Protein chains: 4
Amino acid sequence: MFFASDNAGPVHPQIMNRIVQDNAGHAMPYGNDPVMSEVRQAIRRTFEAPEAEVYLVATGTAANALALACYTQPFDTIFCSNVAHIHQDECNAPEFYAGGAKLTLVPGGDKMTPKTLHAAISDEEKRGVHGPQRGPVSITQVTERGEVYTLDELRALTAVAKDFDLPVHLDGARFANAVAALDCTAAEMTWKSGVDIVSFGGTKNGCMGVEAVVMFDPDKAWEFELRRKRGAHLFSKHRYLSSQMAAYLDGELWMETAAAANANAQRLAAGLRDKGAEFLHQPDANMIFAAFPRAAHKRLHAAGAKYYVWEGEVEGDDPDEMLAARLVCDWSISDAQIDQFLGYL
Amino acid sequence: MFFASDNAGPVHPQIMNRIVQDNAGHAMPYGNDPVMSEVRQAIRRTFEAPEAEVYLVATGTAANALALACYTQPFDTIFCSNVAHIHQDECNAPEFYAGGAKLTLVPGGDKMTPKTLHAAISDEEKRGVHGPQRGPVSITQVTERGEVYTLDELRALTAVAKDFDLPVHLDGARFANAVAALDCTAAEMTWKSGVDIVSFGGTKNGCMGVEAVVMFDPDKAWEFELRRKRGAHLFSKHRYLSSQMAAYLDGELWMETAAAANANAQRLAAGLRDKGAEFLHQPDANMIFAAFPRAAHKRLHAAGAKYYVWEGEVEGDDPDEMLAARLVCDWSISDAQIDQFLGYL
Amino acid sequence: MFFASDNAGPVHPQIMNRIVQDNAGHAMPYGNDPVMSEVRQAIRRTFEAPEAEVYLVATGTAANALALACYTQPFDTIFCSNVAHIHQDECNAPEFYAGGAKLTLVPGGDKMTPKTLHAAISDEEKRGVHGPQRGPVSITQVTERGEVYTLDELRALTAVAKDFDLPVHLDGARFANAVAALDCTAAEMTWKSGVDIVSFGGTKNGCMGVEAVVMFDPDKAWEFELRRKRGAHLFSKHRYLSSQMAAYLDGELWMETAAAANANAQRLAAGLRDKGAEFLHQPDANMIFAAFPRAAHKRLHAAGAKYYVWEGEVEGDDPDEMLAARLVCDWSISDAQIDQFLGYL
Amino acid sequence: MFFASDNAGPVHPQIMNRIVQDNAGHAMPYGNDPVMSEVRQAIRRTFEAPEAEVYLVATGTAANALALACYTQPFDTIFCSNVAHIHQDECNAPEFYAGGAKLTLVPGGDKMTPKTLHAAISDEEKRGVHGPQRGPVSITQVTERGEVYTLDELRALTAVAKDFDLPVHLDGARFANAVAALDCTAAEMTWKSGVDIVSFGGTKNGCMGVEAVVMFDPDKAWEFELRRKRGAHLFSKHRYLSSQMAAYLDGELWMETAAAANANAQRLAAGLRDKGAEFLHQPDANMIFAAFPRAAHKRLHAAGAKYYVWEGEVEGDDPDEMLAARLVCDWSISDAQIDQFLGYL
């Protein structure tokens, strides 16, 4: 019963097999391995973007921080939700990579709206040289609260960015889960909706540790390469990043694992709903924020279930008090584990 | 015939097997996986340092830049050889991680001497607040030219550093090759010789992509963790770093692969010597810098041999002109490949 | 009728005379001028702090950014009001000097309260290595909206900081105006109230361009000097900074000019109140935020009055619409100018 | 007898008078003062560059670091002499402002040659993404050893830079002394010789603390303004920078003070030569590096003469041992002081 995070699951067998298979003999290092060519073509096909450039790194934070750094001057500010991963969970990595730039937090929780974003952007750069300048807009899709922007919502946000002539970054650590939830294409959720650069996550969705940065405007490609090296994120034995990503894209495995993770969450959410749990956020993809009584938490803890208690303390007297949990499903969780969890409720 | 770099070889089967074996089920992310405890104990045992702290990252540049950043203020300068990897091959990563610090290049080539190091340190911080302040000394062992400092040489360098009260970093991307060459212990080559923090390389010596930073003074441990996260080098699926390092240390595999790589280089060097090649540097470990006639280079290139032409151009008329090559052997190279290479000479 | 800013007024004659007087002959550069010794003693006397260290810089942003950098690690976050000068008006200088650290904005406007500050601090560093770490608290006194924290309010804020073991910085660009408003001593408003480091402003209050950073804990003194030099803020002809500050402190001129500026603002505020203006903030010192009808704004603009229209647009139809103005008084403004301004209302 | 530095002399009376004169009433802050318009026109006229942009800062290090930052990416390296002020005397400010870029030191002492510069540039960027990329060339004129590049020498250096398509920065902390020495125009020594951006020094040559950054390509102007503000170098009471520079340029005062300083040095050098001193460098402008016997040093020290002993220790037995001195003349030094100094030799 492991619902603590989708970054705790195993590597998908097809990906592990590909790593093992690509392990024979020598391969040119630093991204010059032949598998990387395969990855490049697969990404371009997947995103319907024959000009796109693609680079691999091993962590989501690296993907985000490097992608943003290419579009941010040190005197700029990056616009994002006040619960964005780049703000809350990257220990100032975006600020570090962007040379000391600022993040402007759009209030209102996980989903920015055209109105809140417009207000936040309008409010900056009013002070000429005194305040920070307007930098990129970063959108997290799936949000950190498990919600998914519809394509219309996405387009409305990027339209605001474009009104101010600002580039748009998509933090897609759970990109696949969002595409699966929306039943759309990778292209529709990115450049067709006004996104300029994407962190295309693999790690949380069955890979070992790989994220692709996809740049629809190749002008920044060389700068990205230099920033990646300077950030110490250029792998010498790069072929093992390539192999993961190649297997992940091959036969649309990425969609398969995402669909499985989302289905797991739907099964869990349905069960929670049946048991009277209260949802803090719409469980659009593979994350659930739901409250249920302390007594149930106690039973689950005793049984060894792993998840974050989001609000409140399991220790306490009132057995009926509702405490919120964050429950994340990865592709590898079985129906039996979910049902076991629900049984303790 | 692949002698371009030791980072181009495959993952050792014992390491790959361990990765596959540790792939079952869920594991806590971000270094809280149980295998990391095993690694910590193994490192402490290997280095005879029960208080040491150890952290894993995926690239040698990350290990170096993060280790140095913990000991460098932004107004400091780091002392290193003028051909050090941290100077020539890390695209300003040490400067980036140390907040804009400087590198002071000790002249004289790959091996610093107590005299050149003393002169370089003496020459800085003479200008009070105007110049950079003296920061750590970074020693590359094996050097970038394939030479190995003896323990006496190492101790003489760290004694100079200690005279100025400066910490010492060891860039051990090829740590195992040096230990094998010196037939000493990990402890002897580090804290027993005055080293404070080590980049203990795994990637070039049979791993997929893992380096351990070993801190003999645990005071900087938490700072290292924060800098690692801020640098985007904290892996969520950390267990796969742990598994590599666990297998690498298990049964002293690291010494076995290093001994194999060094033996390969000795075989190759012996053959080169027999054929009249001239050595630019003493081939102490697994790297050879040797010059041989253009005609031989042409034959090797035609046969598909991979290595760097270090000085000169293969294209050219005089078949007898001596051109230098850099030849690096990893553990996986067979005697047959070496003999094949020598055959073309 | 110049109410745009207190940084637009002239240098006080006593200060200018001192500069001229100290201009004879040669003086040791870089802070080794004899006048600096006089300044050091005067600051220690003024702040009743015989151990304090003091350094001069030429801009308030430099004073703030350098002071904060000495107490901030790059993975930290600085706590300040959401309208603090360090956030809104320094173009990312604090982030730059602190190596990419973050600012956590305490909501609620110009004055932080123990409750809002406590909540903001509590909310950070919950995420272990993932989020930023808690850094210093920066308090702006006079606030950017012209209000002055009482000593009790100050002490309540620093008590919160101390509960979390965090250092406290006071941005005193208008330090003198606050001391004058509170009728307290410099010591009472700083170390006696729990402040660790102060930006003691001179520029806005009659100097040409000088701010003193006063450190009650001299442990960081040498680091400050290095950061000042690295930031390019160490003056070679430092004596002219010293002369300004010496004259400013001499005979408590700083209190005299601050009292004059505050009195000017009180006269202006009284007049505005009489004319029915509405106050957005309590005009505690020398800044006024007040709304009055568009028609009056139009008359003032036509007459050449200089001030910021804070909310709304002077162009517009409704002559009765209330538009807010920011009006700042420096020491040099005459009663006649104030009365002239009030005449146009 | 003050020969320690040209930054220790007084402000020229014409400059001080202008400051006092411009002190009346209010003036718009942050560079919007009317005197700045006068400065802009005077600089354009002086440099025969009607499109040039000009900004004022208060220190030479700020001028250099900000100018270079506009032309340097954080993964670049800046080429300069190994005794350049930006390397030895700015406590990592250029590295700080350029986001952690590197300095490549061209060996051979104060004057770079086309050959040494070409070799240094050629040697970088050979390693693709692994090493730093080629950044601007920075030339110090007058050099830190008191020598002056001829226009031919300058043009030969900038031609090398242009061959590699690199921008050229001139550190002109002693710009006027060089122009006076060469008897050329400001234009000839800058854009007509291939210089892109200049630090035009005022502080050492009679001002209180002001340097102009002159950009012949105005494309970077706004970036410069933002970097200046972010670096905390934008003065609120900017008019006092403007006044200095206006007076400095007015009637070519800058040439007059430079000619005086150079003449002082020539008188001193002639006397030294007569007394048998040995010159370490050609005293082309207002700095002298010369060796004379210890006994003379002792007499000078006893008489209170101020200068740097460049090599050797005044304490010591052998009265005939030659010790080198650095002697710098500013415009304000009288013939009597020079003759008094020479008398002690």
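No experiment lies behind these values; they were computed from the predicted model shown.

Points about the nonpolar core
In this structure, F175(A), F200(A), V214(A), W254(A), F175(B), F200(B) and V214(B) are the most contacted members of the largest nonpolar core, which totals 126 residues. Setting aside its immediate chain neighbours within four residues, W254(A) contacts T46(A), F175(A), A176(A), V179(A), A186(A), F200(A), N205(A), Y248(A) and L249(A). Core analysis: the next-biggest nonpolar cluster, separate from the first, contains 124 residues, F47(C), F235(C), Y248(C) and L253(C) among them.

Regarding the relation of the copies chain B and chain A
Under the fitted operation, chain B is carried onto chain A by 0.0 Å of movement along the axis and a turn of 180 degrees, and the coordinates agree to an RMSD of 0.0 Å. Taken together, the rotation angle and the small translation identify this as a two-fold axis. Distance from the rotation axis, computed per C-alpha, reaches its smallest value in chain B at G231(B): 3.5 Å. Most of the interface of chain B is mirrored in chain A, where 100% of its interface residues are also at the interface.

As for the sheet that holds strand 8 (residues 278-279) of chain B
Residues and elements named next belong to chain B. The strand order across the open sheet built from four strands is 8-9-11-10, with neighbouring strands paired in antiparallel fashion. Two strands bound the open sheet, and with one partner strand each, they are strand 8 and strand 10 (308-311). Where helix 12 (residues 294-302) meets the sheet, its contacts fall on strand 9 (287-293), strand 10 and strand 11 (322-328), and the angle it forms with strand 9 comes to roughly 115 degrees.

Structural notes on the confidence of the model for chain A
Of all residues in chain A, 100% attain a pLDDT of 70 or more, and the chain-wide mean is 97. Across the assembled chains, the prediction reports ipTM 0.97 with pTM 0.97.

Section: the packing of aromatic side chains
Across all of its chains, the model carries 54 aromatic pairs over all chains by this definition. Ring centres of Y55(A) and F224(A) lie 5.2 Å apart, and the angle between their planes is 15 degrees; on these two criteria the pair is classed as stacked. Placement of the pair is Y55(A) in strand 1 (residues 53-57) and F224(A) in helix 9 (residues 221-230), with a sequence separation of 169 residues. Note on Y55(A): relative accessible area 7%, which makes it buried. Considering the side-chain rings of F3(C) and F341(C), the 5.0 Å spacing of their centres and the 70 degrees angle between planes classify their relative orientation as edge-to-face.

Some points on the domain arrangement of chain A
All names here are of chain A. Taken as a whole, chain A is organised into domain 1 (13-251) and domain 2 (254-344). A C-alpha centroid distance of 28 Å is found between domain 1 and domain 2. Counting the surface lost from both domain 1 and domain 2, the interface buries some 1700 Å², and carbon and sulfur atoms represent 57% of this. Among the residues domain 1 hides against domain 2, the three largest losses belong to R145, R174 and N177. Together they make up 29% of the total. Where domain 1 packs against domain 2, one counts eight residue pairs in polar contact (both at pLDDT 80 or more). For the side of domain 1 that touches domain 2, the secondary-structure elements that each account for two or more residues are helix 1 (13-21), helix 8 (175-182) and helix 10 (239-249). At six residues, helix 8 tops the list of elements feeding residues into the side of domain 1 that touches domain 2. A breakdown of the residues in the side of domain 1 that touches domain 2 according to their chemical character gives 12 nonpolar, seven polar and five charged.

With respect to the side chain of T46(D)
All names here are of chain D. Locating T46 in the fold gives a position in helix 2 (residues 34-46). Of the polar contacts made by the side chain of T46, one reaches the backbone oxygen of A42; its length is 2.6 Å. Not counting the four nearest positions on each side in its chain, T46 is found in contact with A186, A187, L249 and W254.

A short note on the UniProt feature "domain: Aromatic amino acid beta-eliminating lyase/threonine aldolase" (unreviewed entry) in chain A
Taken from the UniProt record, the annotation "domain: Aromatic amino acid beta-eliminating lyase/threonine aldolase" (unreviewed entry) applies to residues 3-290 of chain A. Spanning residues 3-290 of chain A, this segment combines 40% helix with 16% strand, and its end C-alpha atoms are found 13 Å apart.

A short note on the sheet that holds strand 11 (residues 322-328) of chain A
Residue and element names in this part refer to chain A. The antiparallel open sheet is built from four strands, whose spatial order is 8-9-11-10. Among the strands making up the open sheet, the edge pair consists of strand 8 (278-279) and strand 10 (308-311). Set on the sheet, helix 12 (residues 294-302) makes contact with strand 9 (287-293), strand 10 and strand 11; between it and strand 9 the angle comes to about 115 degrees.

Brief notes about helix 10 (residues 239-249) of chain C
Residue and element names in this part refer to chain C. Burial runs high along helix 10: 11 of the 11 residues are buried. R239, Y240, L241, S242, S243, Q244, M245, A246, A247, Y248 and L249 are the residues of helix 10 that are buried. G251 sits one or two residues past helix 10 and shows a positive phi near 60 degrees.

A closer look at the interface of chain A and chain D
With 17 residues of chain A in contact, the opposing surface of chain D contributes 17 residues. Interface area, chain A with chain D, both sides summed: about 1600 Å², of which 70% is carbon and sulfur. Counting across the interface, chain A meets chain D through zero salt bridges. On inspection of chain A and its partner chain D, the count reaches two residue pairs in polar contact (both at pLDDT 80 or more). When residues of the side of chain A that touches chain D are assigned to their parent elements, the largest contribution, seven residues, is made by helix 9 of chain A. Taken together, the residues of the side of chain A that touches chain D sort by class into seven nonpolar, five polar and five charged.

Points about the interface of chain B and chain A
Across the boundary between the two partners, chain B contributes 47 residues, which contact 47 residues of chain A. Buried surface at the junction of chain B and chain A, summed over both partners, amounts to about 4100 Å²; 64% is from carbon and sulfur atoms. The largest contributions to the chain B side of the interface with chain A come from H26(B), F96(B) and K237(B), which together make up 19% of the buried area. For the interface between chain B and chain A, the tally reads zero salt bridges. Counting the contacts that link chain B with chain A gives 28 residue pairs in polar contact (both at pLDDT 80 or more). Looking at side-chain class alone, the side of chain B that touches chain A contains 25 nonpolar, 14 polar and eight charged residues.

Comments concerning the pairing of strand 11 of chain B
Residue and element names in this part refer to chain B. Taken across its seven residues, strand 11 has six buried, putting it largely inside the fold. Two strands pair when backbone bridges link them, and strand 9 and strand 11 are joined in this way by seven bridges, in the antiparallel orientation. Looking across to strand 11, one finds that M287 is bridged to V328. Here strand 10 pairs with strand 11 via three bridges, running antiparallel.

Quick notes on the pattern of salt bridges
Side-chain pairs of opposite charge can arise where the charged atoms are in close proximity. Within the structure shown, the criterion is met by 60 salt bridges over all chains. With its nearest N and O atoms 2.8 Å apart, the salt bridge here joins R127(C) to D89(A). Placement of the pair is R127(C) in the loop between helix 6 (114-123) and strand 4 (133-140) and D89(A) in the loop between helix 4 (85-88) and helix 5 (93-97), with the two residues belonging to separate chains. A relative accessible area of 29% means that R127(C) is categorised as partly exposed. A salt bridge links R227(B) to E223(B); the shortest N-O distance between them is 2.8 Å. Remark: E223(B) and R227(B) occur in helix 9 (residues 221-230); sequence separation between them is four residues, near one turn of the helix. Taken as a pair, R227(B) and E223(B) share a single burial class, namely buried.

As for unusual backbone geometry
What is expected of a backbone is that most residues other than glycine have negative phi and most peptide bonds are trans. A cis amide bond links Q141(B) to the next residue, V142(B), at an omega of -15 degrees. Phi at E125(B) is positive, roughly 65 degrees, even though this residue is not glycine. By the element assignment, E125(B) lies in the loop between helix 6 (114-123) and strand 4 (133-140). When its relative accessible area of 34% is taken as the criterion, E125(B) is described as partly exposed. Notably, Y30(C) is not glycine yet its phi reads approximately 60 degrees, a positive angle. Summarising the element assignment, Y30(C) is placed in the loop between helix 1 (13-21) and helix 2 (34-46). On the accessibility criterion, Y30(C) (22% relative accessible area) is partly exposed.

Rules and cut-offs
- Residues numbered from 1 in each chain as written.
- Chains lettered and ligands numbered in written order.
- Predicted model: local features only at pLDDT ≥ 70, side-chain atom pairs only at ≥ 80, totals over all residues.
- Heavy atoms only, no water.
- Core = buried A, V, L, I, M, F, W, Y, C linked by side-chain atoms within 4.5 Å.
- Buried < 20%, exposed > 50% of the residue type's maximum accessible area, 1.4 Å probe, protein only.
- Contact = heavy atoms within 4.5 Å.
- Least-squares fit on C-alpha atoms with pLDDT ≥ 70 in both.
- Pairing = 2+ DSSP bridges.
- Helix = DSSP H or I, 4+ residues; strand = E, 2+ residues; numbered from the N terminus.
- Axes fitted to C-alpha atoms, helices over the stretch in contact; angles between N-to-C directions.
- pLDDT = per-residue confidence, 0-100.
- Phe/Tyr/Trp six-rings, centres within 6.5 Å; stacked < 30°, edge-to-face > 60°.
- Domains from an automatic or database assignment.
- Buried area = accessible area lost by both parts, 1.4 Å probe.
- Polar contact = N/O pair within 3.5 Å; in protein donor to acceptor, adjacent residues only side chain to side chain.
- Nonpolar A, V, L, I, M, F, W, Y, C, P; charged D, E, K, R; others polar.
- UniProt positions renumbered as here; feature names shortened; annotations may be inferred.
- Salt bridge = Lys/Arg side-chain N within 4 Å of Asp/Glu carboxyl O.

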